[in-house]
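Summary of the model geometry
Here is what each chain is made of, one letter per residue.
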Amino acid sequence: MPVEEFDVVVTGGGPAGSTVSTLVAMQGHRVLLLEKEVFPRYQIGESLLPSTVHGVCRMLGVADELAAAGFPIKRGGTFRWGARPEPWTFSFGVSPKLTGSTSFAYQVERSRFDEILLRNAQRKGVEVREGCAVTGVTEAEDRVTGLRYTDADGVEHEVAARFVIDASGNKSRLYSSVGGTRNYSEFFRSLALFGYFENGKRLPQPYSGNILSVAFDSGWFWYIPLSDTMTSVGAVVRREMAEKIQGDREEALRALIAECPLISEYLADARRITTGTYGELRVRKDYSYHQTSFWRPGMVLVGDAACFVDPVFSSGVHLATYSGLLAARSINSILAGDLDEKTALTEFEARYRREYGVFYEFLVSFYEMNVNEESYFWQAKKVTNNKHTELESFVELIGGVSSGESALAASGRIAEHSAEFAAAVDQMAADDDGNMVPLFKSQVVRQVMQEGGSVQMKALLGADAEPELPLFPGGLVVSPDGMKWLPYRPV
Ligand code: FAD
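Position numbers for residues count from 1 along each chain, tracking the sequence in the order it is written. Reporting in this predicted model follows two pLDDT cut-offs: at least 70 for local features of residues, and 80 or more for side-chain atom pairs to be given and counted; totals over whole chains, interfaces and linings ignore these cut-offs and use all residues. Hydrogens and water are ignored here; the side-chain numbers use all heavy atoms of the structure.

Considering the overall build of the chain
To keep it simple, the criterion reads: Numbered from the N terminus, helices here are DSSP runs of H or I no shorter than four residues, and strands are runs of E no shorter than two. Relative accessibility thresholds used throughout: buried, under 20% of the residue-type maximum; exposed, over 50%; partly exposed, between the two (1.4 Å probe, protein chains only). Throughout, a residue-residue contact means that at least one pair of heavy atoms, one from each residue, lies within 4.5 Å.
Counting its secondary structure elements, the chain contains 12 helices and 23 strands. Burial analysis of the chain (491 residues in total) assigns 59% to the buried set. Looking at the chain alone, contacts between residues at least 24 apart form 72% of all its contacts between residues at least 6 apart.

Side note on the pairing of strand β9 (residues 143–150)
Working note: regular strand, side chains alternate between the two faces of the sheet. What counts here: Paired strands are those between which DSSP finds at least two bridges.
As judged from the seven bridges shared by strand β8 (residues 133–140) and β9, these two strands associate in the antiparallel manner. The partner of G136 across the bridge, within β9, is R148. Here β8 folds back onto β9, and the loop between the two strands holds two residues, one of which, E141, carries a positive phi near 50 degrees. Judged from the five bridges that link them, β9 and strand β10 (residues 156–166) form a sheet pairing that is antiparallel. Note on β10: the bridge partner recorded for R148 is E158. Between β9 and β10, which pair antiparallel and follow one another directly, the connecting turn spans five residues, one of which, G154, has a positive phi of 85 degrees.

Observations concerning the packing of aromatic side chains
The criterion, for reference: Two rings from Phe, Tyr or Trp (for Trp, the six-membered ring) form a pair when their centres sit within 6.5 Å of each other. Planes less than 30 degrees apart are called stacked, planes more than 60 degrees apart edge-to-face, and all others tilted. Only Lys NZ and Arg CZ are tested; either one counts as a charge over a ring when it is within 6 Å of the ring centre and within 35 degrees of the ring normal.
Taken as a whole and assessed by the stated rule, the structure comprises 16 aromatic pairs. Measuring from ring centre to ring centre gives 6.4 Å for Y289 and F308, while their planes differ by 35 degrees; the resulting arrangement is tilted. Here F308 lies in strand β21 (residues 307–308) and Y289 lies in strand β18 (residues 289–291), a separation of 19 residues in the sequence. There is no split in this pair, since Y289 and F308 are both buried. Linked through ring pairs, F79, W81, F194, W220 and W222 together constitute an aromatic cluster. The ring of Y289 carries the charged tip of R182 above its face, separated from the ring centre by 4.0 Å.

Topic: the site of the ligand
Convention followed: By convention in these notes, a residue is near a molecule or strand provided one of its non-hydrogen atoms lies within 4 Å of it. The definition of a polar contact used here is a pair of N or O atoms within 3.5 Å, where within protein one atom must be able to donate a hydrogen and the other to accept one, and adjacent residues in sequence count solely through side-chain atom pairs.
Around the ligand sit 37 residues in total, of which E35, Q43, I44, D304 and V317 are the nearest. Within the backbone of V134, an N or O atom sits 2.9 Å from a nitrogen atom of the ligand. Counting residues per element, the ones that place at least two in the shell around the ligand are α1 (15–25), β2 (31–35), β8 and α7 (316–335). The greatest single-element share of the shell around the ligand, amounting to three residues, is contributed by α7.

Topic: helix α5 (residues 249–259)
Which entries qualify depends on this criterion: This arc is built from the directions going out from the helix axis to the C-beta atoms.
Along α5, the residues that are buried comprise A252, L253, L256 and I257. For α5, the angular spread of buried residues about the axis comes to 130 degrees, placing them on one side. Those residues of α5 hidden inside the fold are in contact with β12 (190–198), β13 (211–216), β14 (219–225), β15 (230–238) and α6 (261–266).

So, the sheet that holds strand β11 (residues 182–184)
An order of β11-β18-β21 is seen for the three strands of this open sheet, with the pairing classed as antiparallel. Each edge of the sheet is formed by a strand with only one pairing partner; in this case those strands are β11 and β21. Across two bridges, the pairing between β18 and β21 is antiparallel. Each bridged residue has a counterpart across the sheet, and for H290 the counterpart in β21 is C307.

Considerations on the packing of helix α2 (residues 50–60) against α7
The line we're drawing: Every axis in this analysis is a line fitted to C-alpha atoms, fitted for helices over the stretch in contact. Angles between the N-to-C directions lie between 0 and 180 degrees. Relative orientations are named as follows: roughly parallel for angles under 35 degrees, roughly antiparallel for angles over 145 degrees, roughly perpendicular for angles from 65 to 115 degrees, and oblique for any other angle. For any helix crossing, the convention is left-handed if the near helix is rotated counterclockwise from the far helix by under a right angle, and right-handed if that rotation is clockwise. Each residue is assigned to one of three groups, with Ala, Val, Leu, Ile, Met, Phe, Trp, Tyr, Cys and Pro labelled nonpolar, Asp, Glu, Lys and Arg labelled charged, and all others, Gly among them, labelled polar.
Remark: α2 packs on α7, axes separated minimally by 10 Å, with the N-to-C direction vectors making an angle of 30 degrees. Here α2 lies roughly parallel to α7, going by the angle between them. You can see that α2 and α7 cross each other, and the crossing is left-handed. Contact residues: S51, T52, V56 and M59 in α2; V317, H318, T321, Y322 and L325 in α7. Counted by class, the contact of α2 with α7 contains five nonpolar, four polar and no charged residues.

What about the nonpolar core?
Cut-off, in case you're wondering: In this description, a nonpolar core means a group of buried Ala, Val, Leu, Ile, Met, Phe, Trp, Tyr and Cys residues linked to one another through side-chain atoms lying within 4.5 Å.
Counting 108 residues, the largest nonpolar core has V8, W81, F113, W222, V300, V312 and F348 as the members making the most contacts within it. When neighbours within four sequence positions are excluded, V312 is seen to be in contact with F79, W81, W220, L363, F366 and Y367. Membership of the second largest hydrophobic core comes to 24 residues, among which are L191, V214, L256 and L267.

Concerning unusual backbone geometry
With an omega of 5 degrees, the peptide bond between F39 and P40 qualifies as cis. Secondary-structure assignment places P40 in the loop between β2 and α2. The omega angle of the peptide bond from Q205 to P206 is 5 degrees, so this bond is cis rather than trans. Mapped onto the secondary structure, P206 falls in the loop between β12 and β13. Positive phi, close to 50 degrees, is recorded for E141, a residue that is not glycine. Residue placement: E141 occurs in the loop between β8 and β9.

Brief notes about the confidence of the model for the chain
To be explicit about the condition: A score from 0 to 100, pLDDT tells how confident the predictor is in each residue.
Here the chain shows a mean pLDDT of 81. Residues at 70 or above account for 77%. A low-confidence stretch, residues 369–386 (pLDDT under 50), is modelled with 29 contacts involving residues beyond four sequence positions or located in other chains. Considering only residues more than four positions removed or in separate chains, one finds that residues 390–446, a stretch of pLDDT under 50, has 113 contacts. As scored by the predictor, the complex reaches a pTM of 0.85 and an ipTM of 0.99.

Observations regarding the pattern of salt bridges
Here is the rule we go by: One side-chain nitrogen of Lys or Arg within 4 Å of one carboxyl oxygen of Asp or Glu is enough to make a salt bridge.
Scanning the model with the defined rule gives 21 salt bridges in all. Put simply, R123 and E65 hold a salt bridge, and the shortest N to O gap is 2.8 Å. Of this pair, R123 sits in helix α4 (residues 110–123) while E65 sits in helix α3 (residues 63–68), placing them 58 residues apart in sequence. Of the residues examined, R123 reaches a relative accessible area of 54% and is grouped as exposed. Here the salt bridges share partners, and the residues they tie into one network are E4, E127 and R129.

Description of the side chain of K484
When you line up the elements, K484 lands in the loop between β22 (476–478) and β23 (485–487). In this structure K484 comes out as buried when scored by relative accessible area, which is 19%. Of note is the side chain of K484, whose polar atom sits 3.2 Å from the side chain of D338. Once you skip the residues sitting within four places of it in the chain, K484 turns out to touch Q27, R329, N332, S333, A336, D338, V477, V478 and S479.

Written as structure tokens, this is what we have:
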């Protein structure tokens, strides 16, 4: 049988795979997506961020479908965390002038959310084959040239493509074909035990759709409303507490809930779901890792296949969809003949690593705050001899990838032209009493949030969005339609 040929073949139909395949197919290229499950399928990762919903999903053309799906609206997060004994809330609330309508995200059943994205990919021209498990890549000289897969009937196939994208999540081994190694974080090595409850308590309005995250002695709980009555509840325990989730899972979860008064209170009248998809108590390692290279000639990693960082700030689907967008821009530029592979994919990797890195460092500080934040920040200021506050010194030191002049200039430009978004960042950073939550004061963290806003604005305004500066010296800028990269030409 002759080998089928495509411009791009994607492994995995999660958010990363659906995003990259759709955005490449929308430029008229031939894209095949291979997914080993038949959708809808279960996945964890239910709390989304606004830049996914209003940025990437709008570019994909699914924003209205998501709005119609009736997912609970997440206006922000409520935390019982750090030194403060009472829960504190941050809100995505923004100016109604521009970003007011995008000041929220959704809490989603991933089986439904992922299927919306995958069916949209099909409608946009992606050939989707479910029940097809990729078994390996084909190579010629130094280049990846295609994939081998086994279909639902057990028949083996080979396809050729100019680009192979691994969006197969954190369980497959396909990523190793890109070369390099998967580096695991020593800092984030936790285990999660999670299940679903009916009739759990809700936060008071207008925050009833917020994620509630509660630190306790063994780790922390997430409490995510997935409908008026169903709640996703997970305990994330530190590696040294791993024995707490061994043995009988029901008993283990009950004991962990009993350790945490706030979650006990919220679940006092609740009943755990014990049948169907949500009836299982599941355990997942949430170890953080990143691959040393995100691409090689002919092959690109996106989403969890490339990297993962601790789930406390719900960054997984954001990183999956954002990396899908970055990869699509690079591949669209190469296939159009506008840029060479190395230039385009170097931009992809640099931006993706930067986003991952800032979340990573942000999260390190978040956990350290729980223990001894003041001495840690003071130490960072001392070693850097930084003129900024102690906290800023800390985040800017460990978020070094973000501290290039051009990146700061870009954020300044975005902020200059989007006062509403800058105000929103401040509003998001304020607690219920209007005091700044210290972590959000960091310039680097603020900058990344502003860039998230720029993705949203580009999706909203298209070609009318303000021109951008490169994020890195000699780097590229985004095309007016957001689908490709362009060389930077100062006006
Ligand atoms: P996936 O969603 O895993 O999709 C990969 C797809 O590839 C799957 O459909 C799989 O079937 C398919 N596949 C795998 N192997 C093959 C193969 N060989 N051939 C063909 N197909 C294949 N993120 C959030 O945003 N919010 C949260 O609240 C959140 N909570 C989390 C809690 C925990 C405990 C953990 C561990 C993670 C959490 N995440 C969260 C992260 C989130 O689950 C992931 O980051 C996200 O699902 C990554 O999307 P993806 O498209 O890269 O991969």
